[in-house]
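Residue-level structure breakdown
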Amino acid sequence: MRYFHLLLRKRFLKEAIHHLVSMYPLHRDREQPIFSTRAHVFQIDPATKRNWIPASKHAVTVSFFYDANRNVYRIISVGGTKAIINSTISHNMTFTKTSQKFGQWADSRANTVYGLGFATEQQLHQFSERFKEVKEAARLAREKSQEKMEMNNPGLSIAAPQDLSDELQSPPVMCVNGPEDKLFRSQSADITLSSEKERIKKMLSEGSICEMNLEAELFTLQDSNAKLVAALHEANANVEQWKKQLTAYQDETERLREQVADLEAHGGHGPSDMLKDELTQSLEELEALLKAKDEEIHILQSKKSDFHEMEQEREEAIHRIQELEIRNVDLERRVQGAEQSLANALEDRDRIENEMQRVIEILDIKIFDLNDLRQSLVKLIDK
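Analysis parameters
Residues numbered from 1 in each chain as written. Predicted model: local features only at pLDDT ≥ 70, side-chain atom pairs only at ≥ 80, totals over all residues. Heavy atoms only, no water. Helix = DSSP H or I, 4+ residues; strand = E, 2+ residues; numbered from the N terminus. Buried < 20%, exposed > 50% of the residue type's maximum accessible area, 1.4 Å probe, protein only. Salt bridge = Lys/Arg side-chain N within 4 Å of Asp/Glu carboxyl O. Pairing = 2+ DSSP bridges. pLDDT = per-residue confidence, 0-100. Contact = heavy atoms within 4.5 Å. Patch = residues over 30% accessible without salt bridge, like charges linked within 9 Å, V, L, I, M, F, W, Y side chains within 5 Å. Areas by Shrake-Rupley, 256 points an atom, 1.4 Å probe, with all protein chains shown as cover. Lys, Arg positive; Asp, Glu negative; His and termini not counted. Charge placed at Lys NZ, Arg CZ, Asp CG, Glu CD.

1. A closer look at the overall build of the chain
For the chain, the count of helices and strands is five helices and eight strands. Taken from the N to the C terminus, the helices and strands of the chain come in the order α-β-β-β-β-β-β-β-β-α-α-α-α. In the chain, which comprises 383 residues, the proportion classed as buried is 28%.

See the structure below:
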């Protein structure tokens, strides 16, 4: 069973490497892997900029590569038949740990945010430290390339464009109040709208954090479940093999016992005492071996109970995620209602402003007419 799994994994790695080489044929001779690990890959939802979309169904290999010709560092990961991560590291990128086993970074060139879920905290720490080292190396390489450019072209001074990582890391803030009002601003309405906005943001942040933690926990449980299932299958195969061996040993033991009984019955007509001692010693060794196999069978049966406990924990985690999804649906419905209320409030305020502006224009016309009437009366009195 283990040999079969190794063959499948070896075949999968060969196909992934072949696909990566076919996708990037120019990099076969100039890119070298620096560091590799396994993690679950996510990408930020481009529509909401809040939710994570899984880019891989299971843990995949994530590697740092160095391109010697272009003097750049990249993070590459292949899932199935496509590259799910192809991110060039720049000096202003930042890898952020959002939980004990989850981290993220923004790539402005790819216009997305990548997230990685690891099986252990140690793997997350190793990836974060290596990200810092590669980021520093990218910064030094960038400075050297700029110095080389300035030495080659001393009359030119070209500034590198800044990346837009801040815009990807922070979701856009919705403008509520609009431009500054000139007349009749309602302060109570602005305070109510801002407080409602902060409350909605808080609910969304709490729901997204809980969902990310539960997703990371679910993937950890899935990895543990897969390992336990493989160990259980292997143990079942070993148990069947040991049962066959046990039956053979029992048959051999019975045969030896019969031979010993025959020897004892025949007395001096049978083989020598030395042969009896050898048969007795073989019988004792077989009994000890049978006892050891029984103990191993008991150990495997206890492992089965541990597997059932892990299965129950996984079902509980799935149930919690379903409850969280229901809660997220309710939160989205409440957010939509709040957004509709905000839109209605803004429309009412714009309508009131238009009416007030129209009243002001009418008042200006009336004042102008009254001023003309006053001047006419003054002229009439003077005459």
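2. Concerning the pattern of salt bridges
Counted under the stated rule, the structure contains 11 salt bridges. Here E133 ties to R130 by a salt bridge, and the two come within 3.2 Å at their closest N and O atoms. Taken together, the residues E133 and R130, both in helix α2 (residues 121-152) and three residues apart, mark about one turn of the helix. Linking E296 and K293 is a salt bridge whose minimum nitrogen-to-oxygen distance equals 3.9 Å. Placement of the pair is E296 and K293 together in helix α5 (residues 273-382), with a separation of three residues, close to one helical turn. In this structure, a network of salt bridges that share partners links the residues E136, R139 and E143.

3. Quick notes on the pairing of strand β5 (residues 82-88)
In the sheet, strand β4 (residues 72-79) pairs with β5 via six bridges, with the strands oriented antiparallel. Its bridge partner being in β5, R74 is matched across the sheet by T88. The antiparallel hairpin formed by β4 and β5 contains two residues in its connecting segment, where G80 sits at a positive phi of about 70°.

4. Section: the confidence of the model for the chain
Residues shown with low pLDDT carry predicted positions that ought not to be read at fine detail. Residues with a pLDDT of 70 or more make up 71% of the chain, whose mean pLDDT is 76. Averaged pLDDT values over the elements of the chain bottom out at 38 in helix α3 (residues 165-169) and peak at 94 in strand β7 (residues 102-107). A low-confidence stretch, residues 20-29 stays under pLDDT 50, and its non-local contacts, those more than four residues away or across chains, total 11 contacts. Taken as a whole, residues 155-186 scores under 50 in pLDDT and shows 36 contacts with residues more than four places along the chain or in a different chain.

5. Side note on a negative patch on the surface
Side chains of D306, E309, E313, E315 and E316 sit close together on the surface and give a patch of like negative charge. Positionally, D306 belongs in helix α5. Residue D306 is classed as partly exposed on the basis of its relative accessible area of 40%.

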